[in-house]
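For reference, the chains in residue letters:
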Amino acid sequence: MAAPGRSKGLEEHRASDVRRRGRNRDGGAGEEKGMRRPWCCGTGGLGVALSAVSFLSLSSRLYHLSEPPHVCWDETHFGKMGSYYINRTFFFDVHPPLGKMLIALAGHLSGYNGSFSFLKPGQQYGTHYYMGMRMFCALLGSCLAPFAFLTVLELSGSVFAALLTAAVILFDTGCITLSQYILLDPILMFFIMGAVLSMVRVKSYAHSGPGDGFYSSAFQSRLIGNNLHNASMPEHLAYGSVITMKNLRTAGGYLHSHWHLYPEGVGAHQQQITTYLHKDLNNVWIVKKQQAQHDSSASVELVRHRDVIRLEHRMTRRNLHSHQHEAPLTKKHFQVTAYGANGTGDWNDFWRIEVVNRKAGDLIKVLRSKIRLIHLATGCVLGSSGKTLPKWGWEQGEVTCSPYLKETPNTLWNIEDHSNPNLPNISLSVLKPTFLEILWESHIVMIRANSGLKPKDHEVTSKPWHWPINYQGLRFSGVNDTDYRVYMLGNPVIWWLNLGCIFLYLLMVCVVMVSKQRGVPMTEATRERYRVLCQGGGQLMLGWVLHYFPFYLMGRVLYFHHYFPAMLFSCMLTGITCDTFLRDCGRCFSPPVASLVHTTAVWVLILSIAYSFYLFHPLAYGMVGPLAHDPLSPMSGLRWMQSWDF
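These numbers were taken from a predicted model, which means no experiment stands behind them.

Hey, could you run me through the overall build of the protein chain in this one?
Summing up its helical and strand segments, the protein chain has 15 helices and 16 strands in all. Scored against the burial criterion, the 646 residues of the protein chain give a buried share of 53%. Of the roughly 29,100 Å² that the protein chain leaves accessible, carbon and sulfur atoms contribute 61%.

Okay, structure coming up:
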């Protein structure tokens, strides 16, 4: 945000920028001969407007910040993760880490020691200091309106469009609610808006731990402290080697077994085979010949492409095994088990090892060779289905033997750990991926884990089409009339205005395109106004589309708050669309009257939005007493949709 004391310098800079470009950046109220410039475009006026927006935004986000003094909604997740960072506890999460690290930093700097459990919503904070983390989120949330103000000002050159944009974000009850709790949303939106502002400003001048196993072997070689970092091991696989095998499906896990058996009724009552995402001694296997026992005193014999082998689980001494029983979850696949005793089993323990794109007799390279294991008796291929077993399988990944020999990452493996005292070692430094490769993989792993999230029992979820129409809110705290209730719902006046402006914007752009195509004469000011609408508004429309429509392709559980980044773009689009529309309407009058009509209409719209906030503010700041159907309720008469549950 710009400080008030620098407003003059900013104004002078913008004025010189206008002169360099040779066109009027105000985009409106002073654009035609005889029209007055708006009051806030004079010397210091921009600073006054920005200061007012910043003050109102900060005040509205800090008001009643300590209420309620218990865990609300997703504070149970993000407060707990902040505590993990403060306590130096490693954990895996589906999101990038910066947001939780910042929450932890805010808690640490404000005196919170990470000792609160964050067990469930409604848990009282007591003597634990939570305000530092809430205040940090509120401070970032309070930056959204000023950022939007400056972005729209840069795109349109119109202070009125910027003020209208700031008003719809300032007075939205949903934005206030999201900003007042220990959540990732205000942090995410702060960085989104900061990035957008930076982008348009630049463009204007154109004129490590148990989580390692989630990642691929090459990725792990970049992690300091990982067993693959600066490590060395034998290059080629040999009989008698002790190995671990990792599935090439992103976050596919290690081939794993343990002493537990499949339950009665789930295929054969034999030892379970799973995939496991963490490094563990139960991931270790011994490579053996098809029939004869390996003689460790004999010369080294390397394993070659299309050799038939056995894999013996080192901890339980049972062999990797398959047969024509159904897999536990994937019914058209065969069950995979561990079978036998002390390395002795039967003919269903034999597997042909194949290397992708190799010829018979080629050697198998550790880490680099992509291998398949074909079951000799049934012809099926060993793979990871990607499904999670029930509690009897410790919620680990299902391993099956697929009769469909389609080559996919699910059926491909690489050998990760490899030890054999009879073979020389090589350095693994040659395997290190580039920074862009590990950046790509880390995001794919998070996306895969995130897409598997499912709703909890009795949890209120929503669908993407619900969001723009403000169909249903989220209960942050409280259920009945004796509770302190906070209900996250967008200010309906603002949300329906945003929705209407999306359609209005599309209509106006179509009219402009047709007018240009037909050569309709326009003044220089009109062309500039439509350039702002199409180019500046087009960037915001694209931002809304990219932040909204991908949710229709997602299989994970969705909630109302997922729409808010897109909502910020629609708010900025509303500012530009309304400003342009009102200026077009003003063309029906003489220039001085047109300026007055435009200014009056904008302020009436802003005051109407402010009044709607006065009506709906108990949703954001909390309320006690009767529910909305009771005439004595503070929300009486305001439940305009039956789906609103307050």
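Would you mind showing me how to read the UniProt feature "transmembrane region" (unreviewed entry) in the protein chain here?
What UniProt calls "transmembrane region" (unreviewed entry) maps, in this numbering, to residues 131-149, 155-174, 493-512, 532-551, 563-582 and 594-616. With 85% helix and 0% strand, residues 532-551 has end C-alpha atoms that lie 29 Å from one another. Between the C-alpha atoms that bound residues 563-582 the distance is 28 Å, and the span itself is 95% helix and 0% strand.

Would you mind showing me how to read the side chain of serine 515 here?
Along the chain, the position of serine 515 falls in helix H12 (residues 492-517). Setting aside anything within four residues of it in sequence, one finds serine 515 in contact with Val520 and Met522.

Would you take a moment to explain the nonpolar core for this structure?
The nonpolar side chains of a soluble globular protein tend to be buried, and buried together. Core analysis: the biggest nonpolar cluster contains 108 residues, and Phe149, Phe476 and Phe564 have the highest contact counts within it. Among all residues touching phenylalanine 564, those that are not within four sequence positions of it are Asp172, Gly174, Cys175, Leu178, Met189, Met488 and Trp495. Core analysis: the next-biggest nonpolar cluster, separate from the first, contains 33 residues, Leu228, Tyr239, Met245 and Ile371 among them.

Is there a simple way to think about the pairing of strand E10 (residues 371-375) in this case?
Every other side chain in a regular strand lies on the same face of the sheet, so the side chains alternate between the two faces. The element E10 is largely enclosed, with a buried count of five among its five residues. Side-chain alternation along E10 places Ile371, Leu373 and His375 on one buried face and Arg372 and Ile374 on a second face that is also buried. Bridge count for strand E9 (residues 351-355) against E10 is five bridges, and the pairing is antiparallel. Residue pairing across strands places glutamate 354 opposite arginine 372, the latter belonging to E10.

How should the pattern of salt bridges be read in this particular structure?
Two side chains carrying opposite charge are able to pair once their charged atoms lie near each other. Evaluation of the coordinates by the stated rule reveals 16 salt bridges. As a salt-bridge pair, glutamate 312 and arginine 317 come within 2.4 Å of each other at their nearest N and O atoms. Exposure remark for glutamate 312: the relative accessible area of 1% places this residue in the buried category. What makes arginine 317 partly exposed here is its relative accessible area of 32%. One salt bridge connects aspartate 579 with arginine 583, and the closest N-O pair in it is separated by 3.0 Å. Highlighted residues: aspartate 579 and arginine 583, both in helix H14 (residues 564-586), separated by four residues, approximately one helical turn. According to the relative accessible area criterion, arginine 583 is buried, its value standing at 7%. Three or more residues joined by partner-sharing salt bridges are found here, namely Arg306, Arg352, Glu354 and Arg372.

Would you mind going over the packing of aromatic side chains with me for this structure?
The geometry of two aromatic rings is summed up by the distance between their centres and the angle between their planes. Tallied over the entire structure, the rule returns 37 aromatic pairs. Considering the side-chain rings of tyrosine 487 and phenylalanine 646, the 5.7 Å spacing of their centres and the 65° angle between planes classify their relative orientation as edge-to-face. Of this pair, tyrosine 487 sits in strand E16 (residues 486-488) while phenylalanine 646 sits in the segment after helix H15 (591-621); the two residues are 159 residues apart in sequence, bridging distant segments of the chain. Overall, tyrosine 487 belongs to the buried group, its relative accessible area being 5%.

Sorry, what's going on with the state of the cysteines here?
Formally, a disulfide is one covalent bond, and it connects the sulfur atom of one cysteine to the sulfur atom of another. One pass over the structure, following the stated rule, counts one disulfide. Note on cysteine connectivity: cysteine 380 is disulfide-linked to cysteine 401, with sulfurs 1.9 Å apart. Negative torsions about the S-S bond denote left-handed disulfides, and the value of about 95° found for cysteine 380 with cysteine 401 makes this one right-handed. With cysteine 380 in the loop between E10 and strand E11 (381-388) and cysteine 401 in strand E12 (residues 397-402), this residue pair connects regions lying 21 residues apart in the sequence. You'll find cysteine 380 and cysteine 401 in the same group, each marked buried. Between cysteine 175, a cysteine without a disulfide, and cysteine 571, which holds the nearest cysteine sulfur, the sulfur-to-sulfur distance is 6.1 Å.

Before we go on, may I ask you to explain empty space enclosed by the protein in this structure?
Of the volumes computed, that of the second largest cavity is approximately 40 Å³. The wall of the second largest cavity is formed by Pro468, Trp495, Asn498, Leu499, Ile502, Trp544, Tyr563, Met567 and Ser570. Going through the elements one at a time, H12 and H14 are the ones with two or more residues in the lining of the second largest cavity. Of all the elements, H12 adds the most residues to the lining of the second largest cavity, at four residues.

It is not clear to me how the environment of valine 486 should be interpreted in this structure. Could you clarify?
Mapped onto the elements of the fold, valine 486 is located in strand E16. Once residues lying within four places of it in the same chain are set aside, the contact partners of valine 486 are Pro68, Thr177, Tyr181, Leu474, Arg475, Phe476, Ser477, Leu619, Ala620 and Gly622.

Honestly, a nonpolar patch on the surface in this entry has me stumped. Any pointers?
Together, Leu58, Leu62, Met135 and Leu139 give the surface a local cluster of nonpolar side chains, amounting to about 290 Å² of exposed area. Looking at the nonpolar patch, the elements with two or more residues in it are helix H2 (45-62) and helix H5 (131-141). Locating leucine 62 in the fold gives a position in helix H2. Relative accessible area serves as the criterion here: at 31%, leucine 62 is assigned to the partly exposed category.

For this particular structure, what's the right way to read the pairing of E12?
A large share of E12 lies buried, amounting to six of its six residues. Burial of E12 is two-sided: the residues Gly397, Val399 and Cys401 facing one way and the residues Glu398, Thr400 and Ser402 facing the other way are all buried. In this sheet, E12 lies alongside strand E4 (residues 271-276) in antiparallel orientation, the contact comprising two bridges. Considered in E12, the bridge of threonine 274 is made with glutamate 398. With two bridges joining them, strand E8 (residues 334-339) and E12 adopt antiparallel strand pairing. Note that in E12 the partner of phenylalanine 334 across the bridge is cysteine 401.

Would you explain the packing of helix H6 (residues 144-156) against H14 in this entry?
Two measures define how a pair of helices packs: the angle their axes make with one another and the distance between the axes. The N-to-C vectors of H6 and H14 enclose an angle of 45°; their axes lie 10 Å apart at closest approach. Considering their axes alone, H6 and H14 lie oblique with respect to each other. Viewed along their axes, H6 and H14 form a crossing whose handedness is right-handed. Along the contact surface, H6 presents Leu144, Ala148, Thr151, Val152, Leu155 and Ser156, while H14 presents Leu568, Met572 and Ile576. Counted by class, the contact of H6 with H14 contains seven nonpolar, two polar and no charged residues.

Is there a simple way to explain helix H13 (residues 524-548) in this structure?
What sets the pattern is the α-helix's 3.6 residues per turn: residues three or four places apart point alike. The first and last C-alpha atoms of H13 sit 35 Å apart over 25 residues, in line with the 36 Å expected at 1.5 Å per residue. A maximum bend of about 35° is found in H13 at glycine 538.

Would you take a moment to explain the side chain of histidine 256 for this structure?
Relative to the helices and strands, histidine 256 resides in strand E3 (residues 254-261). At a separation of 3.2 Å, a polar atom in the side chain of histidine 256 contacts the side chain of histidine 258.

Could you clarify how one ought to interpret the environment of methionine 199 in this entry?
By the element assignment, methionine 199 lies in helix H9 (residues 185-203). Measuring from C-alpha to C-alpha, the distance between methionine 199 and threonine 151 comes to 9.2 Å, with 48 residues separating the pair along the chain.

Procedures and definitions
- Residues numbered from 1 in each chain as written.
- Predicted model: local features only at pLDDT ≥ 70, side-chain atom pairs only at ≥ 80, totals over all residues.
- Heavy atoms only, no water.
- Helix = DSSP H or I, 4+ residues; strand = E, 2+ residues; numbered from the N terminus.
- Buried < 20%, exposed > 50% of the residue type's maximum accessible area, 1.4 Å probe, protein only.
- Areas by Shrake-Rupley, 256 points an atom, 1.4 Å probe, with all protein chains shown as cover.
- UniProt positions renumbered as here; feature names shortened; annotations may be inferred.
- Contact = heavy atoms within 4.5 Å.
- Core = buried A, V, L, I, M, F, W, Y, C linked by side-chain atoms within 4.5 Å.
- Pairing = 2+ DSSP bridges.
- Salt bridge = Lys/Arg side-chain N within 4 Å of Asp/Glu carboxyl O.
- Phe/Tyr/Trp six-rings, centres within 6.5 Å; stacked < 30°, edge-to-face > 60°.
- Disulfide = S-S within 2.5 Å.
- 1 Å grid on protein atoms, 1.4 Å probe; cavity = no way out; pocket = protein on both sides within 12 Å on 5 of 7 lines; lining within 4 Å.
- Points joined across faces, edges and corners; volume = space filled by probe spheres on them.
- Patch = residues over 30% accessible without salt bridge, like charges linked within 9 Å, V, L, I, M, F, W, Y side chains within 5 Å.
- Axes fitted to C-alpha atoms, helices over the stretch in contact; angles between N-to-C directions.
- Parallel < 35°, antiparallel > 145°, perpendicular 65-115°, else oblique.
- Left-handed = near helix turned anticlockwise from the far one by under 90°.
- Nonpolar A, V, L, I, M, F, W, Y, C, P; charged D, E, K, R; others polar.
- Expected span 1.5 Å × (residues − 1).
- Bend = angle between axes of the 7 residues up to and from the residue.
- Polar contact = N/O pair within 3.5 Å; in protein donor to acceptor, adjacent residues only side chain to side chain.

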